[in-house]
Amino acid sequence: MSRSKKISELYRVYAKRLGKNKLNAEEFQPMVLNMAYLEIAQAKKNGMSYDTKKLFIEYTQAAIEAIPEYAKEVNDPRYSTMYVGFAATAEWDGLWNFLRDYFESKLGVKIDNESRKIIRFDSSVHNRYENGNLVTTSEALRKVEINLSQDLKNAQFSISESLSNKEGNLISVKGNKYIYVGTDPDFMFEFVLDSFGNIELFSLTRTDRNLRIDYLE
């Protein structure tokens, strides 16, 4: 199926789910961009190459072919500036999980059969260590979220206000301590679970800076 036909089909599905005959630009544009992101994300998972700029242009053209009135948005001088943000988001570690939620919640479409486990941890104090030495203790609320595969071998980590999604792979389990190295190898994550499966300590390490931050309740 061509991209324009896929866009037309999902357009109808999305509009029907919203109880509308047509989508507005704020609904349609993210849908098109997320379809392009999905193609990129699938290429990454399959170890295939992709051309971000080419896909951005081709999905724009396909969207106009599917919904001609979308040309009004594309002809806006500000439209071309979207590519910078598009290209940055295409490399975001959290992209696949975001797309999983988007397509299932908005369109009722499952992009995979994976079930994930979410662990959340509210930290009120964090200690900052540089070169192994404690340099500051800060009382500040930080919300840690860990999105885990069922076998715990893959995880995505985020910390409110300080760290957007970073992906990591499990390298060590010592009792209730789990250690992950990031797909960006400058990052390492570890957390300790209590007997109820709740986090009692979460640590972020920047190996390139000799920096570790311990997040405590």
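For the structure itself, look to the data block above.
The present account deals with the structure reproduced in this document.

Quick notes on the rules
- Residues numbered from 1 in each chain as written.
- Predicted model: local features only at pLDDT ≥ 70, side-chain atom pairs only at ≥ 80, totals over all residues.
- Heavy atoms only, no water.
- Axes fitted to C-alpha atoms, helices over the stretch in contact; angles between N-to-C directions.
- Helix = DSSP H or I, 4+ residues; strand = E, 2+ residues; numbered from the N terminus.
- Parallel < 35°, antiparallel > 145°, perpendicular 65-115°, else oblique.
- Left-handed = near helix turned anticlockwise from the far one by under 90°.
- Contact = heavy atoms within 4.5 Å.
- Nonpolar A, V, L, I, M, F, W, Y, C, P; charged D, E, K, R; others polar.
- Phe/Tyr/Trp six-rings, centres within 6.5 Å; stacked < 30°, edge-to-face > 60°.
- Buried < 20%, exposed > 50% of the residue type's maximum accessible area, 1.4 Å probe, protein only.
- Lys NZ or Arg CZ within 6 Å of the ring centre and 35° of its normal.
- Polar contact = N/O pair within 3.5 Å; in protein donor to acceptor, adjacent residues only side chain to side chain.

Considering the packing of helix 2 (residues 25–45) against helix 5 (residues 82–90)
Geometrically, a packed helix pair is captured by the angle between its two axes and the distance between the axes. Between helix 2 and helix 5, the least distance of the axes is 10 Å, while the angle of their chain directions is 40 degrees. Here helix 2 is positioned oblique relative to helix 5, judged by the angle of their axes. Helix 5 is crossed by helix 2, and the crossing has right-handed handedness. Residues Gln29, Leu33, Ala36, Tyr37, Ile40 and Lys44 of helix 2 pack against Met82, Gly85, Phe86, Thr89 and Ala90 of helix 5. For the contact of helix 2 with helix 5, a count of residues per class yields seven nonpolar, three polar and one charged.

Quick word on the packing of aromatic side chains
For the structure shown, the criterion picks out 19 aromatic pairs. Measuring from centroid to centroid gives 5.8 Å for tyrosine 180 and phenylalanine 191, while their planes differ by 20 degrees, and the two rings are stacked. Of this pair, tyrosine 180 sits in strand 5 (residues 177–182) while phenylalanine 191 sits in strand 6 (residues 187–193), placing them 11 residues apart in sequence. Relative accessible area serves as the criterion here: at 0%, tyrosine 180 is assigned to the buried category. Aromatic rings pair up to connect Tyr11, Phe28, Tyr37, Phe56, Tyr70, Tyr79, Tyr83 and Phe86 into one cluster. Across the ring face of tyrosine 83, the terminal group of lysine 53 is positioned such that the distance to the ring centre comes to 4.2 Å. The side chain of arginine 212 reaches across the aromatic face of tyrosine 129, ending 4.2 Å from its centre.

Here's the deal with the environment of aspartate 112
In this fold, aspartate 112 is placed in the loop between helix 6 (95–107) and strand 1 (116–130). For the pair formed by aspartate 112 and arginine 100, sequence separation is 12 residues and the distance between their alpha carbons is 7.4 Å. Setting aside residues no more than four positions away along its own chain, aspartate 112 makes contact with Trp96 and Arg100. Side-chain polar atoms of aspartate 112 contact the side chain of arginine 100, separated by 3.0 Å.

Brief notes about unusual backbone geometry
Within the chain, glutamate 161 stands out as a residue other than glycine whose phi angle is a positive 75 degrees. As for its placement among the helices and strands, glutamate 161 is situated in the loop between strand 3 (154–159) and strand 4 (163–174). Here glutamate 161 falls in the exposed class, since its relative accessible area comes to 74%. Despite not being glycine, asparagine 210 has its phi angle at roughly 50 degrees, a positive value. Assignment of secondary structure puts asparagine 210 in the loop between strand 7 (199–206) and strand 8 (211–216).

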